[in-house]
Amino acid sequence: MKAYLGIDVGSVSTNIVIVTEDNEVITSLYLRTRGRPIEALQAGLKEAAAGIPSDLQIAGVGTTGSGRFLAGVMVGADVIKNEITAHAVAASLVQPNVQTVLEIGGQDSKIIILRNGVVTDFAMNTVCAAGTGSFLDQQAARLGIPIQEFGRLALKSTSSVRIAGRCTVFAESDMIHKQQMGHRVEDIINGLCEALVRNYLNNVGKGKEILPPILFQGGVAANEGIKAAFERALGFDVQIPRYYNVMGALGAAQLAKEEMSRGGKTRFKGFDVTSLSYKTRSFECNSCSNLCEIVEVLENEAIIGRWGSRCGKWDIADL
Amino acid sequence: MLKVTFPRMGHSYIAFKMLMEEMGNEVVVPPRPSKRTLDLGVQHAPEFACLPFKILLGTYLETIEMGANTLVTSGGHGPCRAGLYAQVHHRIIQDLGHKVNMVCFEAPLRHPIDFLKKVNFLNSARLSYRAVYQAIKKGWHKLKALDNVERLTHKIRPRELVAGATSKVYRQVQLWLDQAKTYQEIDEAYHESVKALNNIPQDPDRMILKVGIIGEIYVLLEPASNQEIEEVLGNLGVEVERSIFLTGWTRDNLNKNSKDLVTCHEAAKSWIPVAIGGHGQDSVGHTVLYAQQGFDGVVQLAPFTCIPEIVSKTVLTRVSRKYNIPVLTFFLDEQTGKAGMATRLEAFVDLLRRKKLARLDTHPAVTS
C-alpha cells in the first residue's frame, strides 16, 4: 500500500501525518518540540514506524514549518514548502469550499483567504507573538490549569472582564490586576480569549474579507473559549477540522503526493533515520563583514546540510 | 586634517567617497552594517528610535573607532523625526566622549548660506566654487551609473541560469566603478559593467513575476537592513522595481515639480492628499502606479515604529483591494533571523504565481 508522509516541525510542536493514496489518515502525531527539533522528529518517526502496517510503502515525503529544511535533509524530503501554502492545501482538502483559514500556532498566527480553491491573500503576525499558543500555555501554567481545560473554563464565564490584548506583557499585568481585584478565574480566562481574538482580527486580520466557510486550525483551535470568541466577533460559524492540530503536516503530505504524481522516485531515506545520530553545529564565517552564522547538520559525523550564508558560499543544497 | 565619513546607504558610498577625496579629505569608508554595528547602535540609542537611527549611530561609532573625526549626513524637514537624527546622534556621540564634527546638509535651496558654509568647511583642498561644483557634478554622474547598474541587476537576477551569478558580477563591477575617477573612466567602467551583466547566461522563457518595493528610504536602499530582500526575491524568480533610488530621491527633493514626484503624489491624492512625513504618501502613490502598470504585487518595507509607513500600511489594505494587487508588509527591526521573512516571501511568491497562471489560463492568447 502506498502512502505519503507529511512532517511539520514547528516552534512548539512537531507533527507527523501518514496519508494513503485515498486521503485516509492512518497516523497523526502531535509531539512537543521542546527546543530540540531533531530529537522530537526522531521520536516521532519511531512512533510512526511502529504503528503502520508492514506492507505500507512511503511513496513521498513533504516537510513544512520553521524547521522544514532541517527535517528535509534528515529524512530526505521530496518537497519542502512554507507553512502558509501547506495549511491552505490541507484546508482545501478537508473543505473544498473553504474561503477563510484562521490558524494560530505556537509562535505565529496567520490568516489565509481563499477564493475558488486558490489563495488570494494571507497575512502573518509581524513583530510580536502576542496572542499565540505559547502565551496561552504560559498563562495556563501560571494559573495552575491544564491547557486542555483552559478553553472549557472560559465557556463558564458569566460576566465580561476586559484584558489588554496587544502585548503579552500588558495582558499578563492586566490579568494579575483583575485577579487581585477578586474577579473569577473563568471570567478572566474568557476576557483573555476575547482579547486574543480582538488582537488577531485587528492585526493579522486587518482589512481582510472574512467569509464562510471558515476553518480554525493550529494547536490553539482546541481551545473552545477562543472558538466561541471568534464566532461572537465574526457572526459566522467557525469549523474545526478533525485533524486541526496537524493540518500543516497534512498539507505537506498532500504536496508530496502532488509532487510524486509528476513521476520520479522518492528521496525518503526510510524510517531507519531514527537510529542514526544527528548533530548540528554552528560557526561564524569571517570572510566578510556580514559575519553570517552558518549551521551544519551532521548525520553519523558526515555533513548532510549546511546553510545560513548570505552569499551562498557554504550552502550545501543536496536536496 | 578632516577624516570624513558618512552613513552607509547601499552603494552610494562609492560616489561620496570620490567627492570627499576630491575636496581634499581623507575618507573613512563606512563598513557594511553588521551585527556589531547593530549592537553598538542598540546599546547607545533610545529604545524607541527606529532601525535606521540605530544602524547610523552604530556606523558612526565604528567609523570613529577607525579614526573618523567628521560625520557628514543629511537633515530634512517635514513631519518625520529623521530630520533631527543628526543632532541627536551628535549629542549621544559627544556624551560618549568623542569630539567630532557633525556636518548636516539641509535642502540647499531653502538654506543656501548654510549650504555654502558647510561646503567651505569640507573644502580642505580649497577648491574654487566652480571646481567644487564640477566635483559634485561628477559624483552625481557616478551615482547615476551605480543606480543604473543596480537597476539592471534587478532585471537579470530572476533570469540567471546559475544561481548567484548576478550578485557575483555585481560585486565585481562596483569595484570597477569605485576605481574610475574621471568622466571617461566612469563611462568606460559603466559600459563594461553593463556588458558584464548582460553576458550572464539567462533563461529567456522563465515566467517572471514583477514586484514593486516601496517604503522608507533607508531600509529600501541598504540591503544589510532589509536582509537583502532584492536578492531573495530575485532568486525566487521575481524582477523587482524599487520605488526609491538615491538619484531619484535627490532630484525630487531639489525640485518639488519633478515629473516622477508629481505623478506619484497625483496617484496618492484620493488616499493621502497631504505629506504625512517620510515616504508615507509616496508608498501609496507608487502602489497605485505599480498596479496600473500591471505589476504582480508590492512589498512594503518599514522600520518598526515608523509612523508614516504605519499610516500608509493601513491605507494600502484598501488600495490593494481596489486595484486587485497583493501587498505584503515587513516591519524591520533588530531581527537577524531570516526564516520569518523567507517563509512569508515564499508564500507571497506562490500566491502571485498562481494568480498569474490563473490569469494566463483565462486569456491563453497572452502566453503565445
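What you see is a predicted model; the values in this text were computed from it and never measured.

Examining the overall build of chain B
Phase 1 of the analysis: Helix and strand content of chain B: 15 helices and eight strands.
Phase 2 of the analysis: What you see for chain B is a C-alpha radius of gyration of 21 Å, in line with the 21 Å of a compact globule of 368 residues.
Phase 3 of the analysis: Considered along the principal axes of its C-alpha atoms, chain B spans approximately 65 × 45 × 40 Å.
Phase 4 of the analysis: Buried residues in chain B amount to 52% of all 368 residues.
Phase 5 of the analysis: Pairs at least 24 apart in sequence give 73% of the contacts found in chain B among residues at least 6 apart.
Phase 6 of the analysis: When the accessible area of chain B is evaluated, it comes to approximately 16900 Å², of which 57% is carbon and sulfur surface.
Phase 7 of the analysis: Here chain B contributes 45 positive and 38 negative side-chain charges, whose respective centroids are spaced 3 Å apart.

Describing the sheet that holds strand 1 (residues 3-5) of chain B
Residue and element names in this part refer to chain B.
Phase 1 of the analysis: One open sheet accounts for four strands, arranged 2-1-3-4; its pairing is parallel. Looking at strand neighbours, the two that pair on one side only are strand 2 (26-27) and strand 4 (101-105), the edges of this open sheet.
Phase 2 of the analysis: In this structure, strand 1 lies alongside strand 2, joined through two bridges in parallel fashion. Residue Lys3 lies in a different strand from strand 2, and its bridge partner there is Glu26.
Phase 3 of the analysis: Running over the sheet, helix 4 (residues 85-95) touches strand 3 (70-74) and strand 4 and is turned about 175° from strand 4.

Some thoughts on the nonpolar core
Phase 1 of the analysis: Leu122, Ile229, Leu233, Leu301 and Phe330 of chain B are the most contacted members of the largest nonpolar core, which has 91 residues in total.
Phase 2 of the analysis: Listed in part, the 36 residues of the second largest apolar core include Leu102, Ala123, Tyr200 and Leu201 of chain A.

Points about a nonpolar patch on the surface
Phase 1 of the analysis: A surface patch of nonpolar side chains, about 240 Å² in accessible area, is lined by Ile307, Ile310 and Val311 of chain B.
Phase 2 of the analysis: With respect to the helices, strands and loops of the structure, Ile310 of chain B is situated in helix 14 (residues 307-323).

Structural notes on the interface of chain B and chain A
Phase 1 of the analysis: Counting residues at the interface gives 24 residues for chain B and 25 residues for chain A.
Phase 2 of the analysis: Contact between chain B and chain A buries roughly 2300 Å² in total, counting both sides, with carbon and sulfur atoms accounting for 51%.
Phase 3 of the analysis: In terms of surface lost to chain A, no three residues of chain B exceed Lys35, Thr343 and Arg344 of chain B, which account for 24% of the buried area on that side.
Phase 4 of the analysis: Viewed at the interface, chain A and chain B are joined by four salt bridges.
Phase 5 of the analysis: Between Asp350 of chain B and Lys81 of chain A there is a salt bridge, and its shortest N-O distance comes to 3.0 Å.
Phase 6 of the analysis: Inspection of the chain B/chain A interface yields eight residue pairs in polar contact (both at pLDDT 80 or more).
Phase 7 of the analysis: Among the secondary structure elements, those contributing two or more residues to the side of chain B that touches chain A are helix 14, strand 8 (327-332) and helix 15 (339-362) of chain B.
Phase 8 of the analysis: Looking at the side of chain B that touches chain A, the element that brings in the most residues is helix 15 of chain B, giving eight residues.

Concerning the domain arrangement of chain A
All names here are of chain A.
Phase 1 of the analysis: Partitioning chain A into domains gives domain 1 (2-89 + 248-275), domain 2 (96-240) and domain 3 (277-319).
Phase 2 of the analysis: The C-alpha-based centres of domain 1 and domain 2 are spaced at 28 Å.
Phase 3 of the analysis: Note on domain 1 versus domain 2: buried area summed over both sides is about 860 Å², and carbon and sulfur give 67% of it.
Phase 4 of the analysis: A per-residue breakdown of the area domain 1 buries against domain 2 is headed by Ile84, His87 and Ala88, which together make up 61% of the total.
Phase 5 of the analysis: In this assembly, domain 1 and domain 2 are joined by one salt bridge.
Phase 6 of the analysis: For Arg32, the salt bridge is made with Asp137, and the minimal N-O distance between the two is 2.9 Å.
Phase 7 of the analysis: Of all the secondary-structure elements, those providing two or more residues to the side of domain 1 that touches domain 2 are strand 3 (25-32) and helix 3 (83-94).
Phase 8 of the analysis: The element best represented in the side of domain 1 that touches domain 2 is helix 3, accounting for four residues.
Phase 9 of the analysis: Looking at the side of domain 1 that touches domain 2 residue by residue, the class counts come to four nonpolar, two polar and two charged.

So, unusual backbone geometry
Phase 1 of the analysis: In this chain, Pro212 of chain A is followed by Pro213 of chain A through a cis amide linkage whose omega measures -5°.
Phase 2 of the analysis: Structurally, Pro213 of chain A can be placed in the loop between helix 7 (185-202) and strand 9 (214-217).
Phase 3 of the analysis: At Gln227 of chain B, a position not held by glycine, the phi torsion is positive, near 55°.
Phase 4 of the analysis: With respect to the secondary-structure elements, Gln227 of chain B resides in the loop between helix 9 (217-221) and helix 10 (229-235).
Phase 5 of the analysis: Positive phi outside glycine occurs at Thr305 of chain B, with the angle close to 75°.
Phase 6 of the analysis: Looking at where Thr305 of chain B falls in the secondary structure, it is placed in the loop between strand 7 (297-303) and helix 14.
Phase 7 of the analysis: Overall, the relative accessible area of 30% leaves Thr305 of chain B in the partly exposed class.

As for the packing of aromatic side chains
Residues and elements named next belong to chain A.
Phase 1 of the analysis: Summed over all chains, the structure comprises nine aromatic pairs over all chains.
Phase 2 of the analysis: When the centroid spacing of 5.3 Å and the interplanar angle of 85° are considered together, the rings of Tyr200 and Phe230 count as edge-to-face. One end of the pair, Tyr200, is in helix 7; the other, Phe230, is in helix 8 (residues 224-234), with 30 residues separating them in the sequence. Assigned by exposure class, Tyr200 and Phe230 land together as buried.
Phase 3 of the analysis: Taking relative accessible area as the criterion, Phe230 reaches 0% and is therefore assigned buried.

A closer look at the packing of helix 12 (residues 259-268) of chain B against helix 13 (residues 280-292) of chain B
Residues and elements named next belong to chain B.
Phase 1 of the analysis: In the contact formed by helix 12 and helix 13, the axes pass within 7 Å of each other and the chain directions differ by 85°. As the angle between them shows, helix 12 and helix 13 are arranged roughly perpendicular. Here helix 12 contributes Leu261, Thr263, Cys264, His265, Ala267 and Ala268 to the contact with helix 13, which in turn contributes Gln281, Asp282, Val284, Gly285, His286, Val288 and Leu289.
Phase 2 of the analysis: Split into classes, the residues belonging to the contact of helix 12 with helix 13 amount to seven nonpolar, five polar and one charged.

Some remarks on empty space enclosed by the protein
All names here are of chain A.
Phase 1 of the analysis: All told, the structure shown has one cavity of 30 Å³ or more when counted by the stated rule.
Phase 2 of the analysis: Of the volumes computed, that of the largest cavity is approximately 30 Å³.
Phase 3 of the analysis: Along the walls of the largest cavity sit Tyr4, Val19, Asn23, Leu93, Leu250, Ala253, Gln254 and Lys257, which together make up its complete lining.
Phase 4 of the analysis: A per-element tally of the lining of the largest cavity places helix 9 (residues 247-260) first, with four residues.
Phase 5 of the analysis: Looking at the lining of the largest cavity residue by residue, the class counts come to five nonpolar, two polar and one charged.

Some details on the domain arrangement of chain B
All names here are of chain B.
Phase 1 of the analysis: Domain parsing of chain B yields domain 1 (3-127), domain 2 (136-203) and domain 3 (207-366).
Phase 2 of the analysis: Measuring from the centre of the C-alpha atoms in domain 2 to the corresponding centre in domain 3 gives 24 Å.
Phase 3 of the analysis: Here domain 2 meets domain 3 over a buried area of about 1300 Å², counting both sides, of which 57% is carbon and sulfur.
Phase 4 of the analysis: If you sort the residues of domain 2 by the area they bury against domain 3, Trp140, His154 and Pro158 come out on top, with a joint share of 39%.
Phase 5 of the analysis: The tally of links from domain 2 across to domain 3 stands at three salt bridges.
Phase 6 of the analysis: With eight residues, the single largest contributor to the side of domain 2 that touches domain 3 is helix 6 (residues 129-156).
Phase 7 of the analysis: Here the side of domain 2 that touches domain 3 is built from residues that sort into three nonpolar, two polar and eight charged.

Concerning helix 8 (residues 183-198) of chain B
Residue and element names in this part refer to chain B.
Phase 1 of the analysis: Over its 16 residues, helix 8 runs 22 Å from end to end, which matches the ideal 22 Å to within 8%, given 1.5 Å per residue.
Phase 2 of the analysis: Those residues of helix 8 lying buried are Ile186, Ala189, Ser193 and Leu197. Here the buried residues of helix 8 occupy an arc of 65° about the axis, which is enough to place them on one side. Exposed positions of helix 8 whose direction lies more than 90 degrees from the buried face are Gln184, Glu188 and His191.
Phase 3 of the analysis: On its buried face, helix 8 sits against helix 1 (13-22), helix 6 and helix 7 (165-179).

Rules and cut-offs
- Residues numbered from 1 in each chain as written.
- Chains lettered and ligands numbered in written order.
- Predicted model: local features only at pLDDT ≥ 70, side-chain atom pairs only at ≥ 80, totals over all residues.
- Heavy atoms only, no water.
- Helix = DSSP H or I, 4+ residues; strand = E, 2+ residues; numbered from the N terminus.
- Rg over C-alpha atoms; globule rule 2.2 N^0.38 Å.
- Buried < 20%, exposed > 50% of the residue type's maximum accessible area, 1.4 Å probe, protein only.
- Contact = heavy atoms within 4.5 Å.
- Areas by Shrake-Rupley, 256 points an atom, 1.4 Å probe, with all protein chains shown as cover.
- Lys, Arg positive; Asp, Glu negative; His and termini not counted.
- Charge placed at Lys NZ, Arg CZ, Asp CG, Glu CD.
- Pairing = 2+ DSSP bridges.
- Axes fitted to C-alpha atoms, helices over the stretch in contact; angles between N-to-C directions.
- Core = buried A, V, L, I, M, F, W, Y, C linked by side-chain atoms within 4.5 Å.
- Patch = residues over 30% accessible without salt bridge, like charges linked within 9 Å, V, L, I, M, F, W, Y side chains within 5 Å.
- Salt bridge = Lys/Arg side-chain N within 4 Å of Asp/Glu carboxyl O.
- Buried area = accessible area lost by both parts, 1.4 Å probe.
- Polar contact = N/O pair within 3.5 Å; in protein donor to acceptor, adjacent residues only side chain to side chain.
- Domains from an automatic or database assignment.
- Nonpolar A, V, L, I, M, F, W, Y, C, P; charged D, E, K, R; others polar.
- Phe/Tyr/Trp six-rings, centres within 6.5 Å; stacked < 30°, edge-to-face > 60°.
- Parallel < 35°, antiparallel > 145°, perpendicular 65-115°, else oblique.
- 1 Å grid on protein atoms, 1.4 Å probe; cavity = no way out; pocket = protein on both sides within 12 Å on 5 of 7 lines; lining within 4 Å.
- Points joined across faces, edges and corners; volume = space filled by probe spheres on them.
- Expected span 1.5 Å × (residues − 1).
- Arc of directions from axis to C-beta.

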